[in-house]
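Inside the fold
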Amino acid sequence: MIYIYNDFGGTHTTALAAAYHLKQLPLDRKLTTEEILNVNYFNKLQTSDMGKLIFHGIDEDGHPVYTIGRGSSKVLIPGVKNLSTLLQEKYNIDEKIIFSNTSPTVPIAMTFGGLFSRRLKIDSIGVPLLVKGAKQACGNILELVQHTKKLAMSSQEKIVVLENTRFKV
């Protein structure tokens with residue numbers, strides 16, 4: 001099974017989701033500023049990284065965990081899904097792929113924080129907003145990851161796309 005968490009930039013909620021998935025963050029409390037800022041790839045990717053699959057690690061069940069930033073594209077995930085289907089069918093690949101959208105968990109503070117920090121390069125404004133947004137969203141992101149893992153195990157589909165609208169803030 002392959003997990004791919006996706007959102008607009010691929011560097012905030014996706015990085016947190018991957019870290020939760022890989023049990024790199026505490027599951028029983030809100031995150032500290034230091035924990036947030038020390039998450040691999042959190043607020044570190046550039047616009048040029050959008051569309052790249054970023055490997056985060058192997059989970060406790062031996063499944064790889066990736067993230068990807070979609071940018072404003074509405075076709076990236078459907079295109080990657082179609083390519084995955086083609087490769088599975090043509091080469092008899094029996095690997096289940098789970099695409100899980102973390103965008104619904106993004107609070108307004110994180111949206112503006114990403115704008116200031118990643119786009120405008122004003123970290124003095126952006127980073128505190130990102131941290132505030134991450135603290136607001138961390139419980140929701142953890143629930144999304146748990147939901148993703150549960151559906152991944154129970155689904156009979158070879159490719160699963162989760163929009164996760166129930167996690168909308």
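What comes next concerns the included structure. (Residues numbered from 1 in each chain as written. Predicted model: local features only at pLDDT ≥ 70, side-chain atom pairs only at ≥ 80, totals over all residues. Heavy atoms only, no water.)

Assignment of secondary structure puts arginine 70 in the loop between strand 3 (64-69) and helix 3 (76-91). An unpaired buried charge is present at arginine 70: no salt bridge exists, and aspartate 7, the closest side chain of opposite charge, is 6.0 Å distant. Within the local environment of arginine 70, its side chain forms a polar contact with the side chain of asparagine 6, the two groups lying 2.5 Å apart. When near neighbours in sequence (up to four residues on either side) are disregarded, arginine 70 contacts Asn6, Asp7, Phe8, Leu76, Ile77, Asn101 and Ser103. (Helix = DSSP H or I, 4+ residues; strand = E, 2+ residues; numbered from the N terminus. Buried < 20%, exposed > 50% of the residue type's maximum accessible area, 1.4 Å probe, protein only. Lys, Arg positive; Asp, Glu negative; His and termini not counted. Salt bridge = Lys/Arg side-chain N within 4 Å of Asp/Glu carboxyl O. Polar contact = N/O pair within 3.5 Å; in protein donor to acceptor, adjacent residues only side chain to side chain. Contact = heavy atoms within 4.5 Å.)

All right, on to the sheet that holds strand 1 (residues 2-7) then. The strand order 2-3-1-4-5 describes an open sheet built from five strands, whose pairing is mixed. For this open sheet the edge positions go to strand 2 (54-58) and strand 5 (159-162), each flanked by a neighbour on one side alone. Taken pair by pair, the neighbouring strands of this sheet meet at an average axis angle of 20°, ignoring direction. Of the strand pairs in this sheet, strand 1 and strand 3 are connected by five bridges, and their pairing is parallel. Counted as the bridge partner of asparagine 6 is isoleucine 68 from strand 3. Strand contacts of helix 5 (residues 123-154): strand 1, strand 4 (97-101) and strand 5, with the helix running at about 140° to strand 1, the strand carrying the most contacts. (Pairing = 2+ DSSP bridges. Axes fitted to C-alpha atoms, helices over the stretch in contact; angles between N-to-C directions.)

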